[in-house]
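Structural features, examined
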Amino acid sequence: MIHLFSALVLVLSTVAGATAEAGSSDDAGAFDRLVRPFLTRHCVDCHFDSELGEAGLDLAQFETAGSLRDHLPTWKVVYDQIDTYAMPPGDEEQPSAADRRAVLDWIERKFAAEGAGDAGHRVLRRLTRLEYNNTVRDLFGLSIDVFMFPERLPIDPQRFDPVRDRMPDRIEIAVREYGQKYPVLLRQAGLPGDGRAEHGFQNRGDVMNVSPLLLDEYVTLAGQIVGSPQLPVESEAFHRLIEPPVSMAPAVASDDKPIVVRAKPEFSADAAVTAEVSDDSLPLAEFRGLLAEAVGEGVGGVFDGTIGDKGATLKAGFPIQVGFGETSVRVVSEASLWSAGFGSAEEASRPHLLTNHDRGRKRFVLALSVPEQADRRITCLAVVVPARKGETGQTTLTARLQSGRTIERSHRFDSDSGNVAFTFRAPSEDFVTALEIDGSNLSGDYVLFDDLAFVTGAAPPLVAGPQVVVEHSAGDVARRRLAAFLPRAFRRPVRENEVTRYATVFDHTFAASGSFDEAMRVAVQAVLSSPSFLFLAEPTVADAGRIRPLNNHELANRLSYFLWSSMPDEELFRLADTGRLREPAVLEAQTRRMLRDPKARELSESFAVQWLRLDQAYTARPDRKKFQVFYSGPQGKGTLHASMLVEPLLLFETIMTEDRSILELIDADYTWVNPRLAAVYGFGEGGDLLAMADASAGESTDPPGRELPKEADVTEKTWVRVPVPDRTRGGVLTMAGPLTITSLPGRTSPVKRGAWLLETILNRPPKEPKVAVPPLDRPEVDDSHLTVRRKLELHRADTTCAVCHDRIDPPGFALEAFDAIGRFRTTEGDEAVDATGVLPDGRSFDGPAELKDELLAQRQEFTRAFIEHLASYGLGRKLDWYDVPTIEKIEDAVAADEHRFSRVVVEIVLSEPFRTVRNEWSQNMSDAAVPAAKTEE
Amino acid sequence: MPLQPLSRRTFLRGVGAFVALPMLDAMRLVRAFGEEMSAAPKRFAFIYTPNGYHQPNFVPAASGVNWDLTPTLEPLLDVKPDITVITGLDREFTPGTGVHAQAGACWLTSSAPDEVLDGGFPTNVTVDQLLSRRIGGDTPLPSLELSCNDHADNRETRYFESVSWYGPGYPAMTEKDPRAVFHRLFGKSRGGDAIGSVLDAVLDDARGLHARLGHDDRTKMSEYLDSVRETERRIQLAERAADRAHGLELTVPAAVPISRSEYIDLMTELAVLAFQLDLTRVVTLVVDPERWDSPRMYHGVFDAPLNHHVLTHTKGEEAAEKLARIDRFHVERFARLTRRLKEIPEGDGTLLDSCFVTMGSGISDGRIHDYGDLNLLVAGRGGGLISPGRHLDYKGDVPLANLWLTLLRSAGVKVDRFADSTDTLDDLAL
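Thresholds, definitions, all that
- Every chain's residues receive numbers from 1 upward, in the order its sequence appears when written.
- Note on labels: chains are lettered from A, ligands numbered from 1, in written order.
- Given that this is a predicted model, residues contribute local features only at a pLDDT of at least 70 and side-chain atom pairs are listed and counted only at 80 or more, while totals for whole chains, interfaces and linings are drawn from all residues.
- Processing note: side-chain calculations cover all non-hydrogen atoms of the structure and skip hydrogens and water entirely.
- Only runs of H or I of at least four residues qualify as helices and only runs of E of at least two qualify as strands under DSSP, and these elements are numbered from the N terminus.
- Partly exposed residues are those whose accessible area sits between 20% and 50% of the maximum for their type, while under 20% is buried and over 50% is exposed, using a 1.4 Å probe and protein chains only.
- Pairs of residues are marked as contacts when any of their non-hydrogen atoms sit within 4.5 Å.
- Here a polar contact is taken to be a pair of N or O atoms separated by no more than 3.5 Å, where protein atoms must pair a possible hydrogen donor with a possible acceptor and residues adjacent in sequence count only if both atoms sit in side chains.
- Grid points spaced at 1 Å over the protein atoms alone were grouped into cavities, where a 1.4 Å probe fits but cannot get out, and pockets, open sets with protein on both sides within 12 Å along at least five of seven lines, with lining residues defined by an atom within 4 Å of a point.
- Grid points are joined across faces, edges and corners, and a volume is the space filled by probe spheres set on the points.
- As used here, buried area is the combined drop in accessible area, with a 1.4 Å probe, of two parts when they are placed together.
- A pairing counts as a salt bridge when a side-chain nitrogen of Lys or Arg comes within 4 Å of a carboxyl oxygen of Asp or Glu.
- Lines fitted to C-alpha atoms define the axes, with helix axes restricted to the stretch in contact, and inter-axis angles between N-to-C directions lie between 0 and 180 degrees.
- Any angle between 65 and 115 degrees counts as roughly perpendicular, while under 35 counts as roughly parallel, over 145 as roughly antiparallel, and the rest as oblique.
- We call Asp, Glu, Lys and Arg charged. Ala, Val, Leu, Ile, Met, Phe, Trp, Tyr, Cys and Pro are nonpolar, and the rest, Gly among them, are polar.
- Being paired, for any two strands, means DSSP has found at least two bridges between them.
- One number per residue, pLDDT, summarises how confident the predictor is, and it ranges from 0 to 100.
- Put simply, buried Ala, Val, Leu, Ile, Met, Phe, Trp, Tyr and Cys residues joined by side-chain atoms within 4.5 Å make one nonpolar core.
- Centre distance within 6.5 Å is the pairing criterion for rings of Phe, Tyr and Trp, where only the six-membered ring of Trp is used; planes under 30 degrees apart are then read as stacked, over 60 as edge-to-face, and the remainder as tilted.
- Only Lys NZ and Arg CZ are tested; either one counts as a charge over a ring when it is within 6 Å of the ring centre and within 35 degrees of the ring normal.
- The span expected for a helix works out to 1.5 Å for each residue beyond the first.
- The directions from the helix axis to the C-beta atoms are what the arc is built from.

Quick look at the overall build of chain A
For chain A, the helix and strand inventory stands at 29 helices and 28 strands. Within chain A, the fraction of its 937 residues that count as buried is 56%. Taking the intrachain contacts of chain A between residues at least 6 apart in sequence as the baseline, contacts between residues at least 24 apart amount to 74%.

Here it is as structure tokens:
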């Protein structure tokens with residue numbers, strides 16, 4: 001009787017409460033009317049005590065709304081349990097849908113009130129292995145990875161081109177064999193991997209540690225990077241950092257047998273030279289006279305840049321001997337050179353001229369000597385720098401002299417410049433030992449030169465050794481370069497004392513070795529080993545309150561590590577330097593710009609891969625006898641692993657590139673297949689992609705005349721976007737990849753599939769099984785004739801198991817329509833597949849299409865889950881109760897914008913938690929230990 | 001099944017020759033470095049195998065001195081007098097996290113089951129790390145953490161593969177590459193000659209940053225600071241270690257061997273070398289991680305890759321037989337390690353005398369994830385800590401922590417309790 005009465009009161013009060021609550025701030029009243037009775041009725045029978053109660057939960061203690069304040073994390077658990085229908089258990093009385101919703105709404109409001117503006121518990125984190133690689137790559141402007149690591153997918157990155165806004169209908173995608181080598185800076189180097197967080201990502205600070213072993217790895221790897229002979233070649237930035245100041249560079253020596261070229265007598269005709277850059281002491285006309293005289297005596301001549309008829313590549317350090325008759329000059333270039341004709345330039349003398357071979361390597365030194373005659377030296381030198389069509393900027397030539405002195409000449413090319421002749425004359429008793437060519441300020445990638453003309457003279461009295469004349473000390477030069485390098489390496493402005501710290505490393509090493517580049521390499525090694533490089537720190541700021549906004553540089557870092565898994569680029573730096581990045585309009589514009597950058601493929605290769613657990617794709621080992629189609633080629637080495645990885649990635653990338661609805665991740669009317677996957681799916685006749693593509697072309701709104709793949713061209717690399725024949729396919733749930741990852745080698749596992757779905761698609765993962773789970777296969781019962789499903793149903797008869805399995809199994813059952821490699825099936829063994837199921841909230845379905853219907857009917861659940869996953873990845877932390885309102889807000893904005901992918905990203909970036917940080921400033925941080933904390937803004 | 005001899009290709013060239021030369025007596029070496037040692041130092045190794053053992057084939061029927069080798073333990077035939085079989089010790093499962101994760105992560109933890117310090121896990125300073133802090137100080141490496149988990153995927157979290165923890169939520173990082181282990185033992189710092197000034201700079205940077213961080217961030221930065229200090233200390237000790245290996249012709253091992261047995265044997269061989277040259281006194285080795293449902297090839301044992309964890313939950317004789325073969329395979333590796341330690345003379349006996357080398361799992365029956373009645377194999381005497389040749393059956397209700405407490409006390413660590421220990425095991429030594 002009493003029971004009945006209270007139920008009646010509850011119903012009445014709920015109705016009243018729900019309407020009154022909308023506009024009222026009286027949460028205490030609503031708690032008394034609504035929540036407390038709910039707890040009393042549905043919860044506290046079991047959860048009545050923190051020791052004796054189920055799950056150690058005491059919900060009886062909450063007698064007033066205020067009493068929740070110190071227990072909000074507990075209430076997040078309560079919230080999730082009610083929200084996912086995990087509680088109350090299925091065999092207990094269930095609250096009405098309205099009551100459930102009203103209580104959830106009340107808890108959400110409570111979270112919003114208590115957690116307003118909380119930036120969240122974000123723990124200092126270091127770069128992941130992927131981020132480390134990318135940061136070093138971008139810091140030095142490399143086009144290859146630093147080392148090989150498993151997170152780098154063996155799939156050609158060219159496939160991802162977000163600059164366009166529509167994916168092509170067909171893409172050729174090359175795939176490396178897993179583990180196969182590919183070009184990197186350091187083949188033997190690497191870092192240990194990062195573990196992933198429970199139900200989370202690898203970039204979570206709270207699960208990352210540094211140990212002596214890891215530190216050792218960092219210091220060692222940094223040493224390998226700076227010591228790489230390849231790095232200065234691949235990286236202009238690094239080259240400029242470590243190259244000795246001009247007057248300190250050693251002459252290039254070489255023992256290789258030289259290429260001999262015959263000198264020409266004539267320097268470029270006056271008509272072909274429109275300007276000259278010369279010293280008063282040696283105008284071009286006078287040089288011509290000297291040259292003619294020297295040619296006559298066989299002690300001078302012109303190297304016209306031509307080697308052979310068809311041009312040639314000269315390897316760095318390879319000597320060229322220019323013969324004049326009596327004597328010869330040896331030219332050794334520090335960089336590889338090309339001897340070639342240029343359509344866009346007028347050669348000083350045909351047919352060829354010289355230029356840098358490596359694209360962008362526009363600064364290098366030519367060592368010049370007279371090797372065979374001890375009594376002759378180069379006294380005068382001239383060279384033509386041809387103008388190149390459309391190219392502008394300054395070229396600087398510097399002649400280095402034996403004394404250590406230099407003669408520097410520059411010319412600024414503009415659009416109507418012609419060829420320019422440079423002349424140099426060494427002072428008496430000195431001579432030319434090298435010519436530095438510096439076209440690094442030119443707009444193009446190549447610096448051209450032609451007609452190197454030499455005049456040799458009698459050797460002057462011996463000059464006592466090379467005298468190093470340095471205008472600035474090596475330490476000053478190093479310091480200046482480090483001051484420019486550190487803000488990029490640390491991705492923020494640096495203080496004077498920080499520059500000193502690394503300049504000191506240079507000084508110590510330079511004092512010991514006397515080698516500029518060696519000392520600079522060690523300084524850079526220290527920079528790459530330091531916490532300012534390795535960690536993404538957001539330090540506390542005095543008097544900034546409990547929560548502070550991120551400064552512009554911190555924001556640039558969060559943004560670039562979120563979208564690119566790498567450091568900010570020049571544009572982000574500039575906006576941070578000028579303090580504009582924090583403006584919401586700028587921030588949104590930058591976010592959208594970054595999504596259109598090829599580097600955004602990390603969202604697919606890192607986020608999507610971790611989210612969908614595709615990093616497990618390669619570990620699947622389907623039984624070779626049962627699933628022969630999985631294996632092909634000699635010894636079955638050609639597996640379907642890569643294809644199963646590519647399909648979901650292409651869907652994700654299509655949604656990114658075309659800015660489509662994220663709901664297509666669970667249900668799309670198209671998918672991407674190659675011939676092998678099409679065969680697994682039974683698409684077309686025997687996997688005839690062309691038929692599929694034709695069909696797709698018919699439905700497409702594309703302009704007609706689109707080029708279709710020709711049958712002969714279609715290989716395993718060929719991926720075609722096709723419409724799915726029916727809703728059995730479409731979306732990641734029904735793709736071979738996820739279906740295989742969640743299977744055992746010999747059979748499906750509805751439990752694994754169900755758990756995968758709860759964790760990835762709904763982000764409400766089931767709990768780990770409790771200890772002493774009765775085994776699925778009971779030796780005492782002969783159940784070998786039963787389907788997996790039937791066995792599971794027996795298992796669920798146990799109520800302790802049913803609590804979780806009621807949630808886990810139904811989606812797994814729907815997916816029983818697919819076998820262990822994702823082929824559609826209607827029977828398992830001799831029994832028909834039963835793909836029906838009932839969700840905890842009572843909705844039922846039959847088969848994958850209807851499961852997708854149910855997921856779409858409750859689309860806010862998937863939307864929320866996707867936002868939560870991506871936000872957790874973007875924030876590098878676990879989400880908690882205080883994030884509930886933020887996620888809700890984003891959910892609304894995303895729903896209002898047709899669930900567009902970019903809207904999700906933009907809203908996360910613009911959200912409070914992304915732009916702020918907890919700023920716990922306590923007394924025990926002594927003022928003395930803190931350098932000027934307000935570093936910026 | 002006959003024992004497979006180690007492939008020489010994968011091995012350290014010179015190890016064989018080294019073994020044949022008894023003049024390299026670790027005791028004498030230790031004295032040469034000015035330490036007053038009255039006895040050989042105690043050495044401890046903890047070897048973890050996952051997913052429990054197939055009980056019927058593992059546990060001897062009789063306890064005490066007169067016990068017979070079971071099918072799984074048969075490979076121990078020639079070292080039986082050096083082995084102690086321990087059964088019937090218990091741990092308690094802490095609800096809230098996975099049974100497999102906790103089995104490995106908390107096997108050696110000093111935390112009582114009701115003490116949840118790490119998001120639901122009772123991880124805390126593990127027994128090997130407590131030992132290392134007491135007895136590892138003067139060796140170049142306070143402890144060595146090894147693993148043969150070469151799964152390239154991130155299927156499971158670190159709880160499944162870490163048995164050694166510096167503190168709550170702070171696992172020791174394990175070395176999986178034999179070549180890297182070798183460099184750690186014998187190489188100079190790989191950071192280059194200027195490592196000193198590099199470390200000065202980064203320490204300075206870390207201190208500057210540390211002072212400006214909030215509380216939780218400071219904890220993380222402290223890990224970095226401690227790592228720098230530890231590295232500096234190790235560099236000082238490394239030269240001494242280099243001297244110790246002087247005259248040995250050691251060749252860097254190749255990469256991870258493909259064969260499972262060669263991989264495990266190579267790792268244990270490196271541990272033997274480290275003990276022999278007193279480079280470290282505490283070693284942990286994770287033979288395989290808990291659960292981790294990625295199929296694994298056991299070369300020479302099975303023709304096709306299989307999944308240890310799934311087998312424990314598969315019914316029937318066939319699965320049981322396969323499980324027993326995996327157990328026996330691991331016992332073979334353990335037997336080989338025991339023989340190696342016994343071959344090396346030290347003082348008046350052998351290296352094995354000063355060693356306490358144990359192999360075990362965090363659960364007994366993998367089928368039901370049983371945290372009770374745990375099985376351990378122990379090789380050696382631990383410098384008088386244990387009298388081998390017996391099967392000690394504690395019949396349940398004696399905490400595993402009692403064994404760990406006994407170890408700690410024997411090494412001179414002053415602790416009253418360890419995790420949920422109730423007492424020491426006083427019958428280890430006769």
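Now that the structure is up, let's keep going.
A short note on the side chain of D304(A)
Residues and elements named next belong to chain A. Among the structural elements, D304 can be located in the loop between strand 5 (300–303) and strand 6 (312–314). Residue D304 is classed as buried on the basis of its relative accessible area of 7%. A distance of 2.8 Å separates the side chain of D304 from the side chain of K264, its partner in a polar contact. From its side chain, D304 meets the backbone nitrogen of T306 in a polar contact 3.0 Å long. Every residue in contact with D304, bar those within four places of it in the chain, is listed here: K264, S349, R350, H352, D450 and D451.

A short note on empty space enclosed by the protein
One water molecule sets the probe size; rolling that probe over the atoms shows where empty space is left. All names here are of chain A. Here the structure, examined in full by the defined rule, presents 15 cavities of 30 Å³ or more. The space that makes up the largest cavity amounts to roughly 330 Å³. Lining the largest cavity are 20 residues; nearest its centre among them are L758, L762, P840, R843 and E861. Looking at the lining of the largest cavity, the elements that each hand over two or more residues are helix 22 (750–761), helix 24 (799–814), helix 25 (847–857) and helix 26 (859–875).

Things to note about the interface of chain B and chain A
Each partner contributes residues to the interface: chain B has 62 residues there, and chain A has 75 residues. Looking at the side of chain B facing chain A, the largest losses of area belong to M173(B), R212(B) and K315(B), adding up to 14% of the total buried there. The tally of links between chain B and chain A comes to 3 salt bridges. Across the pair D293(B) and K752(A) runs a salt bridge whose closest N-O atoms are separated by 2.9 Å.

Considerations on the packing of helix 15 (residues 570–577) of chain A against helix 16 (residues 584–595) of chain A
Residues and elements named next belong to chain A. It is at 11 Å that the axes of helix 15 and helix 16 come closest, and there the two elements cross at 170 degrees. By the angle between their directions, the pair helix 15 and helix 16 is classed as roughly antiparallel. Of the residues in helix 16, those in contact with E571, L572 and L575 of helix 15 are V586, Q590, R593 and M594. For the contact of helix 15 with helix 16, a count of residues per class yields 4 nonpolar, 1 polar and 2 charged.

Describing unusual backbone geometry
Residues and elements named next belong to chain A. For the peptide bond that leads from M87 to P88, omega is -10 degrees, which places it in the cis range. Positionally, P88 belongs in the loop between helix 3 (72–83) and helix 4 (97–115). The phi angle at N763 is positive, at roughly 50 degrees, despite the residue not being glycine. Of note, N763 is situated in the loop between helix 22 and helix 23 (788–796).

What about the environment of A271(B)?
All names here are of chain B. If you trace the backbone, A271 turns up in helix 9 (residues 260–276). Sequence-wise, A271 and L144 are 127 residues apart; in three dimensions their C-alpha atoms are separated by 8.1 Å. Non-local contacts of A271, meaning those with residues more than four positions away in its chain, are made with L146 and V283.

Here's the deal with the sheet that holds strand 2 (residues 170–172) of chain A
Residues and elements named next belong to chain A. Across the sheet, 3 strands lie side by side as 2-23-22; this open sheet has antiparallel pairing. Edge positions in the sheet fall to strand 2 and strand 22 (670–673), since each of these pairs with one other strand and no more. Averaged over neighbouring strand pairs, the angle between their axes works out to 20 degrees when direction is ignored. Strand direction decides the pairing type here: strand 22 and strand 23 (residues 718–723), joined by 4 bridges, are antiparallel. Residue pairing across strands places V673 opposite V720, the latter belonging to strand 23. Packing of helix 18 (residues 641–657) onto the sheet brings it into contact with strand 2, strand 22 and strand 23, and relative to strand 22 it is tilted by some 140 degrees.

Focus: the confidence of the model for chain A
Any residue range with low pLDDT should be treated as having predicted coordinates unsuitable for detailed reading. Residues and elements named next belong to chain A. Counting all residues, the mean pLDDT for chain A is 85, and 88% of those residues have values of 70 or more. Counted against residues more than four places away or in other chains, residues 1–25, with its pLDDT under 50, gives 17 contacts. Across residues 249–254, confidence stays below pLDDT 50; counting only partners more than four residues off in sequence or on other chains, it has 10 contacts.

As for the pattern of salt bridges
Summed over the entire model, instances satisfying the criterion amount to 92 salt bridges over all chains. The shortest N-O distance in the salt bridge between D667(A) and R727(A) comes to 3.0 Å. Taken together, the positions of D667(A) in the loop between helix 18 and strand 22 and R727(A) in the loop between strand 23 and helix 21 (736–741) put the pair 60 residues apart, joining distant regions of the chain. Classification of D667(A) as buried rests on a relative accessible area of 16%. For R727(A), a relative accessible area of 32% puts it in the partly exposed group. In this structure, the salt-bridge partner of D265(B) is R333(B), at a minimum N-O distance of 2.8 Å. Within this pair, whereas D265(B) is found in helix 9, its partner R333(B) is found in helix 11 (residues 317–343), the two being separated by 68 residues in sequence. Residues D265(B) and R333(B) agree in their burial class; the two are buried. In this structure, a network of salt bridges that share partners links the residues E74(B), D265(B), E269(B), R328(B), E332(B), R333(B), R336(B), R340(B) and E343(B).

Quick word on the nonpolar core
Judged by nonpolar contacts, the single largest core of 103 residues is most densely connected at F562(A), L603(A), F607(A), I761(A), F866(A), L870(A) and F901(A). Take this core: its biggest share by element is 10 residues, from helix 18 of chain A. Not counting residues within four places of it along the chain, the set of residues in contact with I761(A) comprises I666(A), V732(A), L733(A), W756(A), L855(A), E861(A), F862(A) and A865(A). Ranked by size, the runner-up nonpolar core spans 76 residues in total, among them Y182(A), I242(A), A206(B) and L225(B).

Concerning the sheet that holds strand 10 (residues 374–379) of chain B
All names here are of chain B. Strand order in the open sheet made by the 7 strands is 3-6-1-9-10-2-11, with mixed pairing throughout. Every interior strand has two partners, whereas the edge strands, strand 3 (144–147) and strand 11 (391–399), have only one. Adjacent strand axes in the sheet meet at a mean angle of 20 degrees, parallel and antiparallel pairs treated alike. Sheet topology note: the strand 2 (residues 83–90)/strand 10 ladder contains 5 bridges and is antiparallel. Bridge assignment links T84 to a residue of strand 10, and that residue is V378. Contacts from helix 12 (residues 400–410) reach strand 1 (43–48), strand 2, strand 9 (355–360), strand 10 and strand 11, with the element oriented near 110 degrees to strand 11.

Regarding the confidence of the model for chain B
Residue and element names in this part refer to chain B. When pLDDT is averaged across chain B, the result is 85; 87% of the residues are at 70 or more. Within the model, the stretch residues 1–37 combines pLDDT values under 50 with 60 contacts to residues more than four positions away or in other chains. Prediction confidence for the complex, expressed as pTM and ipTM, is 0.72 and 0.71 respectively.

Points about the packing of aromatic side chains
In total, this model carries 45 aromatic pairs over all chains according to the counting rule given. The interplanar angle of 45 degrees and the centroid separation of 6.1 Å between the aromatic rings of F607(A) and F652(A) together place this pair among those described as tilted. In this pair, F607(A) is assigned in helix 17 (residues 601–611) and F652(A) in helix 18, connecting sequence segments 45 residues apart. For the pair formed by F607(A) and F652(A), the shared burial category is buried. Grouping aromatic residues by their ring pairs yields a cluster made of F201(A), F562(A), F607(A), W611(A), F652(A), F862(A), F866(A), Y873(A), F901(A) and F914(A). The positively charged end of R491(A) is found above the aromatic ring belonging to F533(A), 5.5 Å away from the centroid. Seen from the ring of W67(B), K80(B) lies directly overhead, with NZ or CZ sitting 4.5 Å from the centre.

Side note on the environment of A269(A)
Positionally, A269(A) belongs in the loop between strand 3 (259–262) and strand 4 (275–277). Distance in space between the C-alpha atoms of A269(A) and R288(A) is 9.9 Å, their sequence separation being 19 residues.

Some points on the pairing of strand 6 (residues 282–286) of chain B
For a regular strand, the rule is simple: side chains alternate between the two faces of the sheet. Residue and element names in this part refer to chain B. Along strand 6, 5 of the 5 residues are buried, which leaves the element largely enclosed by surrounding structure. Side-chain alternation along strand 6 places V282, T284 and V286 on one buried face and V283 and L285 on a second face that is also buried. Relative to strand 6, strand 1 is paired through 5 bridges, and the arrangement is parallel. Looking at the pairing, A45 lines up with V283 of strand 6.

Topic: helix 27 (residues 884–896) of chain A
Residues and elements named next belong to chain A. The end-to-end C-alpha distance of helix 27, which contains 13 residues, comes to 19 Å, matching closely the 18 Å that a straight helix rising 1.5 Å per residue would cover. Residues of helix 27 that are buried: V884, T886, I887, I890, E891 and V894. One side of helix 27 carries all its buried residues, which in axial view fall inside an arc of 155 degrees. Away from its buried face by more than 90 degrees, helix 27 exposes K889, D892 and A896. Contact partners of the buried residues in helix 27: helix 3, helix 4, helix 26, helix 28 (901–910) and helix 29 (912–915). A positive phi of about 55 degrees marks E898, the residue just after helix 27.

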